[in-house]
Amino acid sequence: MPLPHSLRALGSPNFRRYYTGQAVSMIGTWIQSVALMWLAYRLSDSTWFTGLVGFLQSVPHLFLAPFAGVLGDRINRRKLLMAVLSLLALQSTVLAVLAGTNLITLTQLAALALIAGILNAFETPTRQSIFVQLLERREDLPNAIALNSMLMNGTRLIGPSIGGLLIALFSETVCFALNAASYFAVVGALWYVHLPPRAARAPSHPLADLAEGWRYAMGMLPVRRMLITLALVSFAISPYSTLMPAMAVKAFGQGAGLVGLFIGAVGLGAFISAVTLARRPSVRGLARWLPAAAVIAGLGSFGFGLSTSVHASVVLMMMAGFGMFMAGAACNTIIQTVVDEEKRSRVMSYYTMFFIGIAPFGHYLAGWLAEHVGVRVTFLLGGSLALLTGVVFALQLPTFRTHLRVAYVTRGIIPASEDTQMGDP
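Each value, and the rule that gives it
- Residues numbered from 1 in each chain as written.
- Predicted model: local features only at pLDDT ≥ 70, side-chain atom pairs only at ≥ 80, totals over all residues.
- Heavy atoms only, no water.
- Helix = DSSP H or I, 4+ residues; strand = E, 2+ residues; numbered from the N terminus.
- Axes fitted to C-alpha atoms, helices over the stretch in contact; angles between N-to-C directions.
- Parallel < 35°, antiparallel > 145°, perpendicular 65-115°, else oblique.
- Contact = heavy atoms within 4.5 Å.
- Nonpolar A, V, L, I, M, F, W, Y, C, P; charged D, E, K, R; others polar.
- Expected span 1.5 Å × (residues − 1).
- Bend = angle between axes of the 7 residues up to and from the residue.
- Buried < 20%, exposed > 50% of the residue type's maximum accessible area, 1.4 Å probe, protein only.
- Polar contact = N/O pair within 3.5 Å; in protein donor to acceptor, adjacent residues only side chain to side chain.
- Phe/Tyr/Trp six-rings, centres within 6.5 Å; stacked < 30°, edge-to-face > 60°.

Colleague: Before we go on, may I ask you to explain unusual backbone geometry in this structure?
Modeller: What is expected of a backbone is that most residues other than glycine have negative phi and most peptide bonds are trans. We note that D45 has phi near 55°; this positive angle belongs to a residue other than glycine. Considering the arrangement of structural elements, one finds D45 in the loop between α1 (13-44) and α2 (47-74). Although it is not a glycine, N102 sits at a positive phi angle of roughly 60°. Within the fold, N102 resides in the loop between α3 (77-100) and α4 (106-134).

So, in structure tokens, the structure goes:
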């Protein structure tokens, strides 16, 4: 039976096999995420330390992702991904053992968060850039990216809710152990994936490759503007996970269950954004979503800072999740559509650096601000920054679309002779 058009990338056996294993692994990842933040807050009773843990999990993306991109363009991406995922399983196992024996200290928790950040700095750009090799038809790439976003955010919806329940019923240890076991699914799937050989590359120095990738990414106006916009939206909105334990306890007088509910609401909003993208027939027309997504994310965060109702807060967190991840997935789709294959890993590493690598500074600053001006005011400030970012991008949208149209013509997405109004990027 043929697959629906919105699931067309799953028609490729390699992508389908990988996607199934990744689904299991990502549920475990989000279960661990909420458990780690709750454990950090429970042990320290400090939003500053919780922010530090979020910082350490993400900051390696800023410094190491570009080197991961160079590596991904030089060696076998499948083998690199399997090695990194195996090490992440080991990190979760150590967390489970230390937490289960009540031996874990704040220093150990911070160190393990940093180790996970280092490993994920290599996993994320490699995972993003391997999609095109998993597909039988290159034109299915936008759908594969949308389906991956659907997976990431669908599990973001399920995982934190399960994590909050498991913490309430058992402990954080169970969450860490489940995540360690979940990595076997995706590593096993990659074991059976067979990728076509890539074209041989001319010998070059890694630092020269790094500089070439930066010049290439920053030299394209659409890519440059998208990366800057992503950085600002991520900086403003992503600290929600760091602030949520304090918000649940101090603003609503509840515990881990409410943390899971609010973070799950972000996942639901993000999942809706992914479904929206998956249903699109092509990448064309996606540019107009970028400023709208930033504005929606900003309104969600700003409103959450004012809300005193759990039900309203869930809706507002859905808005924040929809906006932030619509911006991220839309940029991912456009960037992967226009970049050269031999530079794909490097450009996606800069995407990772700007989207994920900038987030730790938001986590750290948000934790500090919450200690000094309150968690609600911190959400208001983040929402205001995202709103302003969306408005500025909207004002620059005509120039952005003019340059993007040139890239689409080069890739054959828009015929060179097509009327500019019909050739809407």
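Colleague: Before we go on, may I ask you to explain the packing of α2 against helix α13 (residues 344-357) in this structure?
Modeller: Between two packed helices, the angle of one axis relative to the other and the distance separating the axes together describe the packing. Put simply, α2 and α13 touch, their axes get as near as 7 Å, and they point 175° apart. Overall, the two elements α2 and α13 adopt an arrangement that is roughly antiparallel. Along its contact with α2, which presents S58, V59, H61, L62, A65, P66, G69, V70, G72 and D73, the element α13 presents R344, S345, R346, S349, Y350, T352, M353, I356 and G357. Across the contact of α2 with α13, the residue classes break down as 8 nonpolar, 8 polar and 3 charged.

Colleague: Can you walk me through α2 in this structure?
Modeller: In this model, α2 (28 residues) spans 41 Å end to end at C-alpha, consistent with the 40 Å of a helix rising 1.5 Å per residue. Along its length, α2 reaches its greatest deviation from straightness, about 55°, at L64, and the proline P66 lies no more than four positions downstream. For α2, the tally of buried residues reaches 21 of 28 residues, placing the bulk of the element in the interior. Put simply, S46 is the residue that caps the front of α2, since its side-chain oxygen is 3.1 Å from the backbone nitrogen of W48.

Colleague: Sorry if this is basic, but what is going on with the packing of aromatic side chains here?
Modeller: Working definition: an aromatic ring pair is given by the centre-to-centre distance plus the angle between the planes. Counting across every chain of the model gives 11 aromatic pairs. Taking 5.2 Å as the distance between ring centres and 70° as the angle between the ring planes, the aromatic pair formed by W214 and Y350 counts as edge-to-face. Pair noted here: W214 is in helix α7 (residues 206-218) and Y350 is in helix α13, with a separation of 136 residues, a long-range link. For W214, a relative accessible area of 37% puts it in the partly exposed group.

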